[in-house]
Amino acid sequence: MNYIKSEIIFVNYVREQREADIHLIITQQITASGGKEYVLQFIGQGKYADLNYTLKQTVSANATEDEIRKTITETIKRGLMPYLARTNLSEMCTIDFSPPSGQTQIIDKWHNWIFSLSLVGYGTGEQAYSYIYYNLYPTIQRIAENEKFKLEATITNTQRKFIEDTTTYIAKSHSYSAEAFWAQKTSNHFSVGGQVFYLTSKYSNIRYGFSIAPKFEYNFVPYSEYVHHKICVQFQPMVLHRSYYDTTLYNLLSENRLQNQLVLTTELTRQWSSVGFIINGSHYWHDFSKNRLTIE
């Protein structure tokens, strides 16, 4: 915000929204190539109430934070021009135009596939205590206009070391997980897909866990309006298998279960604020009393 104020000096900035002649809402969504599309909604107020429109600006996946803020600031300047034209300040403006030297056809040799690898580590220690943590997070994904695929894995390891008197205690914990997700948009309101998940974690007493599930989503507003409002319902019947390191509270070393999950997601972006909530409900088929409901 400080950068925008320093670059756009021909407007006054106010704290109270009702005092403003122009209200600007900026939202974003991921593009098919892994970049971001920023949607800038200019809303005129007072004597500019008849002037409302939307601009879109796309940035590439490898754009830096500085490149992004410069691009957005230039887009804001262009969006302010129709308002500026109604004031005396328009006489102080000049218009520059740089014709393109020639159109270059861009060929994506990766066909929208994106590969990423993240590593997070942390360590601390003293004479009687030490702690080491690291998390490795590889991801492969492809996002097209009507299709999405994502394969991600997580490798987490922790080690705590205690020294008490002359005895050394070492506590180790590790977990490995992998998830594959695919979705296909069949209409402007409905999409279908599937999900496969694998987990092994000593901390959670899971030697290996496996689940597979189809996924159905219905959005009450068109997907093209996601940046302004999203109201969708997701239904996911799931088959789960768990094998445990140690006997559970129910005296089991392994189990197979059927589960249903229903998720309602609402996100609204308005002039006054942004608001959203998620209602997540699930139950097991073998015992409907084993259910869960969360609201966040």
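What this report covers is the structure whose coordinates are included nearby. (Residues numbered from 1 in each chain as written. Predicted model: local features only at pLDDT ≥ 70, side-chain atom pairs only at ≥ 80, totals over all residues. Heavy atoms only, no water.)

1. A short note on the sheet that holds strand S1 (residues 22-30)
The 3 strands lie next to each other as S1-S2-S3, forming an open sheet whose pairing is antiparallel. One side of each edge strand has no neighbouring strand; the edge strands of this open sheet are S1 and strand S3 (52-59). Each strand of the sheet is rotated relative to its neighbour by a mean of 20 degrees, with strand direction disregarded. Along the sheet face, helix H2 (residues 65-84) touches S1, strand S2 (36-44) and S3 and points at about 160 degrees away from the line of S3. (Pairing = 2+ DSSP bridges. Helix = DSSP H or I, 4+ residues; strand = E, 2+ residues; numbered from the N terminus. Axes fitted to C-alpha atoms, helices over the stretch in contact; angles between N-to-C directions. Contact = heavy atoms within 4.5 Å.)

2. As for a nonpolar patch on the surface
On the surface, Val 196, Tyr 198, Tyr 208, Phe 210, Ile 212, Val 239, Leu 258, Trp 285 and Phe 288 cluster together into a nonpolar patch covering about 830 Å² of accessible area. If you list the elements that add at least two residues to the nonpolar patch, you get strand S8 (190-201) and strand S9 (206-219). Counting residues per element, the nonpolar patch draws most heavily on S9, at 3 residues. Topologically, Val 239 is positioned in strand S10 (residues 229-244). (Patch = residues over 30% accessible without salt bridge, like charges linked within 9 Å, V, L, I, M, F, W, Y side chains within 5 Å. Areas by Shrake-Rupley, 256 points an atom, 1.4 Å probe, with all protein chains shown as cover. Salt bridge = Lys/Arg side-chain N within 4 Å of Asp/Glu carboxyl O.)

3. Things to note about unusual backbone geometry
Excluding glycine, residues mostly have negative phi values, and the peptide bonds linking residues are mostly trans. One non-glycine residue, Asp 165, lies in the positive phi region at around 60 degrees. By secondary structure assignment, the location of Asp 165 is in the loop between strand S6 (147-164) and strand S7 (167-185). At Asn 251, a residue that is not glycine, the phi angle is positive and equals roughly 60 degrees. If you trace the backbone, Asn 251 turns up in the loop between S10 and strand S11 (254-269).

4. Some remarks on H2
With 20 residues, H2 extends 28 Å between its outermost C-alpha atoms, agreeing within 8% with the 28 Å of an ideal straight helix rising 1.5 Å per residue. All of the buried residues along H2 are Ile 68, Ile 72, Thr 73, Thr 75, Ile 76, Gly 79, Leu 80, Tyr 83 and Leu 84. Those residues of H2 hidden inside the fold are in contact with helix H1 (2-7), S1, S2 and S3. (Expected span 1.5 Å × (residues − 1). Buried < 20%, exposed > 50% of the residue type's maximum accessible area, 1.4 Å probe, protein only.)

5. A few points about the pattern of salt bridges
A side chain of one charge can pair with a side chain of the opposite charge if their charged atoms are brought near each other. Scanning all chains against the criterion turns up 10 salt bridges. The partner of Glu 16 in a salt bridge is Arg 18, with the nearest N and O atoms 3.0 Å apart. Asp 287 is the partner of Lys 290 in a salt bridge, and the nearest nitrogen-oxygen pair spans 2.8 Å. A relative accessible area of 34% places Lys 290 in the partly exposed class. We classify Asp 287 as partly exposed; its relative accessible area is 24%. Linked by salt bridges that have partners in common, Asp 66, Arg 69 and Lys 70 make up one network.

Nothing here speaks to function; it is all geometry.
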